[in-house]
Amino acid sequence: MIIAGPPCQGFSTLGKRDATDPRNRLGLEVVRWAAVMKPRIIVIENVAAFLGARVWTLLARRLERLGYAVTSEV
């Protein structure tokens, strides 16, 4: 199992919501770890606005390409 909590500063309603914040892309590291470790389950925790971010779309697509069924919940 991989449990990840990538930085939320670029998405949080309490922050600047900066789409160009380089920390936003750290969530994509989950894909790299998943490809190597091949866990049965991956859990990613973040703020609700993360689901509307481009990086979430990329992350979900890449995990699906690895064979994972991706679901989200707030």
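Please read these numbers as outputs of a predicted model, since none were measured by experiment. (Residues numbered from 1 in each chain as written. Predicted model: local features only at pLDDT ≥ 70, side-chain atom pairs only at ≥ 80, totals over all residues. Heavy atoms only, no water.)

1. Observations concerning the overall build of the protein chain
Part 1 of the reasoning: For the protein chain, the helix and strand inventory stands at 2 helices and 2 strands.
Part 2 of the reasoning: Relative to the 2.2 N^0.38 estimate, which gives 11 Å for 74 residues, the radius of gyration of the protein chain is 12 Å and therefore close to what a compact globule would have.
Part 3 of the reasoning: Seen through its principal axes, the protein chain has C-alpha atoms that stretch 35 × 25 × 20 Å.
Part 4 of the reasoning: Out of the 74 residues belonging to the protein chain, those deemed buried represent 34%.
Part 5 of the reasoning: Across the protein chain, the fraction of contacts at a sequence separation of at least 24, relative to all contacts at a separation of at least 6, is 62%.
Part 6 of the reasoning: Summed over its atoms, the accessible surface of the protein chain is roughly 5,400 Å², and 55% of this surface lies on carbon and sulfur atoms.
Part 7 of the reasoning: Computed over 11 positive and 6 negative side-chain charges, the separation of the two mean positions in the protein chain equals 7 Å. (Helix = DSSP H or I, 4+ residues; strand = E, 2+ residues; numbered from the N terminus. Rg over C-alpha atoms; globule rule 2.2 N^0.38 Å. Buried < 20%, exposed > 50% of the residue type's maximum accessible area, 1.4 Å probe, protein only. Contact = heavy atoms within 4.5 Å. Areas by Shrake-Rupley, 256 points an atom, 1.4 Å probe, with all protein chains shown as cover. Lys, Arg positive; Asp, Glu negative; His and termini not counted. Charge placed at Lys NZ, Arg CZ, Asp CG, Glu CD.)

2. Points about the packing of helix 1 (residues 29-37) against helix 2 (residues 54-65)
Part 1 of the reasoning: At a minimum axis distance of 9 Å, the contact between helix 1 and helix 2 shows a crossing angle of 10°. Taken together, the axes of helix 1 and helix 2 lie roughly parallel to each other. Residue-level contacts link Val-30, Val-31 and Ala-34 of helix 1 to Leu-59, Arg-62 and Leu-63 of helix 2. (Axes fitted to C-alpha atoms, helices over the stretch in contact; angles between N-to-C directions. Parallel < 35°, antiparallel > 145°, perpendicular 65-115°, else oblique.)

3. Concerning unusual backbone geometry
Across residues other than glycine, the phi torsion is negative in most instances, and most of the peptide bonds are trans.
Part 1 of the reasoning: Unlike most non-glycine residues, Lys-38 shows phi in positive territory, near 50°.
Part 2 of the reasoning: By the element assignment, Lys-38 lies in the loop between helix 1 and strand 2 (42-44).
Part 3 of the reasoning: Residue classification places Lys-38 among the exposed positions, given a relative accessible area of 61%.

4. Quick look at the side chain of Asn-46
Part 1 of the reasoning: Looking at the element boundaries, Asn-46 is found in the loop between strand 2 and helix 2.
Part 2 of the reasoning: We classify Asn-46 as buried; its relative accessible area is 17%.
Part 3 of the reasoning: Within polar-contact distance, the side chain of Asn-46 engages the backbone oxygen of Pro-6 at 3.0 Å.
Part 4 of the reasoning: Here Asn-46 is in contact with Pro-6, Pro-7, Cys-8 and Phe-11, once residues within four sequence places are set aside. (Polar contact = N/O pair within 3.5 Å; in protein donor to acceptor, adjacent residues only side chain to side chain.)

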